[in-house]
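# Observations on chain architecture
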Amino acid sequence: MEFDALLLSRMQFAFVIAFHILFPAFTIGLAAFLAVCEGLWLKTGREVFKQLYLHWIKIFALAFAMGVVTGVVMSYQFGTNWSVFSDRTGSVLGPLLGYEVLTAFFLEASFLGVMLFGWNKVGRKLHFAATVIVAIGTSISAFWILSANSWMQTPQGFDIDPMTGNFFATSWMEVIFNASFPSRYVHMMLAAFITTAAVVLAAGAWQTVRGHKSEPTRWQMRMAAGTLAVLMPLQIWAGHWSGEVAHEHQPAKVAAMEGWCETLDVQGTVLLAWPADNECGRAEITIPGTSPYLFNTDEPLRALSSFAEEDQPPLWPVFWGFRIMVGSGLAMLGFGVWGLFLWWRGRLDQPGLFHWLAIPGGSLGFIAVITGWIVAEVGRQPWTVYNALRTVDSVSPVEAGQVALTLLIFITVYAIIFTAGIIYMARIATRGFDDRPPDIDHGERRAPGSPLGAVDDPAQTPDDTVATV
């Protein structure tokens with residue numbers, strides 16, 4: 001393996017985007033969770049949902065900020081490491097990324113201030129509206145980013161200038177709503193909700209085993225387990241949908257994902273495989289004859305070797321990335337069903353094996369997201385725009401030493417700053433709900449000369465007050 005500018009640039013972008021995707025995947029789901037909590041508080045008046053909101057909004061603020069910073073760093077690399085790609089595809093991808101800023105980022109930034117600092121300054125309905133708008137903004141942001149990335153996977157609605165080689169759009173509707181976008185958007189949004197649910201469940205499990213039992217702890221575990229149990233079957237369906245689209249438009253990627261050794265009309269499901277000295281180059285454990293249940297096609301299912309060598313994606317990262325993603329998802333489904341069973345039996349707040357396993361299980365959503373992106377992006381190789389622009393023709397004319405130096409700087413800075421931020425968020429998430437200071441009820445007016453927490457409304461009770469952010 002030659003560590004030239006191309007490989008180092010790919011490694012640098014992979015590192016930055018893998019770190020960045022952790023935060024949007026978490027904040028998209030957490031914004032929806034906060035909207036649900038505040039909505040339930042307004043609907044039911046139960047203090048527990050207000051406590052959950054004010055607890056998790058602190059973590060949301062930190063995760064949102066770190067996601068913005070890592071996203072800015074990532075965007076700079078389009079100019080520093082992938083200037084040829086930016087120049088060739090800028091007239092197509094540039095507007096999509098610009099729409100993300102105009103329709104999502106400005107929306108989030110505007111109402112995030114109300115969401116974070118307006119608890120005691122605006123009415124309840126207005127604050128709830130701000131929370132919902134921020135949640136919608138995160139979904140819109142994902143819409144444009146996934147549209148741009150999906151166009152790179154299944155490009156359509158474009159042409160190439162024969163004089164300059166630059167791409168330009170001929171149909172924006174086809175560019176935005178390209179063939180793989182609907183399935184990949186649904187798959188990613190469900191992944192964000194599931195990732196957040198796994199983290200919330202892990203935080204509740206930690207609080208339980210540490211003896212910090214409280215009503216908010218019980219409710220966050222109930223909500224998280226229910227989310228995992230309901231959404232994971234939908235995620236399995238969405239993943240299958242995305243795989244069918246990939247089989248139609250990116251058959252080499254699917255061949256690598258499945259690990260097919262030879263082209264056959266009926267293929268099996270390769271559970272495990274490892275390098276071996278034989279004609280296929282690997283040994284495997286396979287369930288035979290499963291492809292008719294997975295792929296609706298009458299054409300032979302092509303093995304990776306049936307594609308030209310220069311058009312083949314790397315086998316092992318795609319093959320194992322897919323299995324780790326699926327395994328993580330099935331484990332989270334198990335946690336969801338197990339959690340609902342314990343809730344039904346009235347033992348969800350009693351420390352046990354479930355809680356000890358759920359604590360490290362909080363990382364499963366992030367593992368699934370990262371390995372899923374490895375499958376998507378490595379499986380697209382050797383193309384940046386599938387079948388239209390090769391990765392080797394997209395890299396900037398930079399020296400390998402320059403890229404290696406900046407990669408080391410990124411790794412060092414990220415390891416120090418963002419690891420500290422993640423640890424701090426974990427400490428907030430797991431410390432329980434017993435250490436909150438007093439607070440006035442949001443949207444109400446404090447009586448002159450009254451102590452903190454007293455309001456003009458004589459019907460207001462002490463139970464209606466809770467900590468502010």
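Now for a description of the structure that goes with this document. (Residues numbered from 1 in each chain as written. Predicted model: local features only at pLDDT ≥ 70, side-chain atom pairs only at ≥ 80, totals over all residues. Heavy atoms only, no water.)

### Side note on the overall build of the protein chain
On a plain count of helices and strands, the protein chain comes out with 13 helices and six strands. Against the compact-globule benchmark of 23 Å for 469 residues, the protein chain has a radius of gyration of 24 Å, which places it among compact chains. Projected onto its principal axes, the C-alpha positions of the protein chain cover 80 × 50 × 40 Å. In the protein chain, buried positions account for 49% of the 469 residues. When the accessible surface of the protein chain is totalled, it reaches about 21600 Å², and 66% of it is carbon and sulfur. Here the protein chain contributes 27 positive and 37 negative side-chain charges, whose respective centroids are spaced 14 Å apart. (Helix = DSSP H or I, 4+ residues; strand = E, 2+ residues; numbered from the N terminus. Rg over C-alpha atoms; globule rule 2.2 N^0.38 Å. Buried < 20%, exposed > 50% of the residue type's maximum accessible area, 1.4 Å probe, protein only. Areas by Shrake-Rupley, 256 points an atom, 1.4 Å probe, with all protein chains shown as cover. Lys, Arg positive; Asp, Glu negative; His and termini not counted. Charge placed at Lys NZ, Arg CZ, Asp CG, Glu CD.)

### Things to note about the layout of surface pockets
When its volume is computed, the second largest pocket comes out at roughly 1200 Å³. If you trace the second largest pocket, you find 46 residues lining it, with His187, Gly239, Phe322, Met325 and Val326 closest to the centre. For the lining of the second largest pocket, the secondary structure elements donating two or more residues are helix 4 (124-153), helix 6 (181-209), helix 7 (215-249), helix 8 (251-258), strand 3 (269-275), helix 10 (315-344) and helix 12 (364-378). With 10 residues, the top contributor of residues to the lining of the second largest pocket is helix 7. Grouping the amino acids of the lining of the second largest pocket by side-chain chemistry returns 24 nonpolar, 17 polar and five charged. (1 Å grid on protein atoms, 1.4 Å probe; cavity = no way out; pocket = protein on both sides within 12 Å on 5 of 7 lines; lining within 4 Å. Points joined across faces, edges and corners; volume = space filled by probe spheres on them. Nonpolar A, V, L, I, M, F, W, Y, C, P; charged D, E, K, R; others polar.)

### So, the nonpolar core
Formed by 109 residues in total, the largest nonpolar core has its most connected members in Trp56 and Phe60. Element by element, the count of residues in this core is highest for helix 6, at 15 residues. Once you skip the residues sitting within four places of it in the chain, phenylalanine 60 turns out to touch Thr27, Leu30, Ala31, Leu34, Leu112, Met115 and Val134. By size, the runner-up hydrophobic cluster in this structure holds six residues, among which are Ala246, Phe295, Leu301 and Ala303. (Core = buried A, V, L, I, M, F, W, Y, C linked by side-chain atoms within 4.5 Å. Contact = heavy atoms within 4.5 Å.)

### Points about unusual backbone geometry
One can expect most non-glycine residues to show negative phi and most peptide bonds to be in trans. Of note, the amide linkage connecting glutamine 381 to proline 382 takes the cis form, showing an omega dihedral of 10 degrees. One non-glycine residue, asparagine 387, lies in the positive phi region at around 65 degrees. Turning to its location among the elements, asparagine 387 is positioned in the loop between strand 5 (383-385) and strand 6 (389-390).

### Remarks on the pattern of salt bridges
Here the structure, examined in full by the defined rule, presents six salt bridges. The shortest N-O distance in the salt bridge between glutamate 215 and arginine 46 comes to 3.6 Å. Taken together, the residues span a long stretch of sequence, with glutamate 215 in helix 7 and arginine 46 in the loop between helix 1 (5-44) and helix 2 (47-80) at a distance of 169 residues. Here glutamate 215 falls in the partly exposed class, since its relative accessible area comes to 27%. Owing to a relative accessible area of 38%, arginine 46 belongs among the partly exposed residues under this scheme. (Salt bridge = Lys/Arg side-chain N within 4 Å of Asp/Glu carboxyl O.)

### What to know about the state of the cysteines
On inspection of all chains with the given rule, the structure shows one disulfide. The disulfide partner of cysteine 261 is cysteine 280, and the gap between their sulfur atoms is 1.9 Å. Residue cysteine 261 is located in the loop between helix 8 and strand 3, and its partner cysteine 280 is located in the loop between strand 3 and strand 4 (282-287); the two are separated by 19 residues in the primary sequence. Taking the relative accessible area as the measure of exposure, cysteine 261 reaches 28% and is therefore partly exposed. (Disulfide = S-S within 2.5 Å.)

### Observations regarding a nonpolar patch on the surface
On the surface, Leu271, Leu272, Trp274, Ile285, Ile287, Trp320, Ile324 and Ile367 cluster together to form a nonpolar patch covering roughly 670 Å² of accessible area. Of all the secondary structure elements, the ones that give two or more residues to the nonpolar patch are strand 3, strand 4 and helix 10. As for its position among the elements, isoleucine 287 is in strand 4. Accessibility expressed as a relative area gives 40% for isoleucine 287, which makes it partly exposed. (Patch = residues over 30% accessible without salt bridge, like charges linked within 9 Å, V, L, I, M, F, W, Y side chains within 5 Å.)

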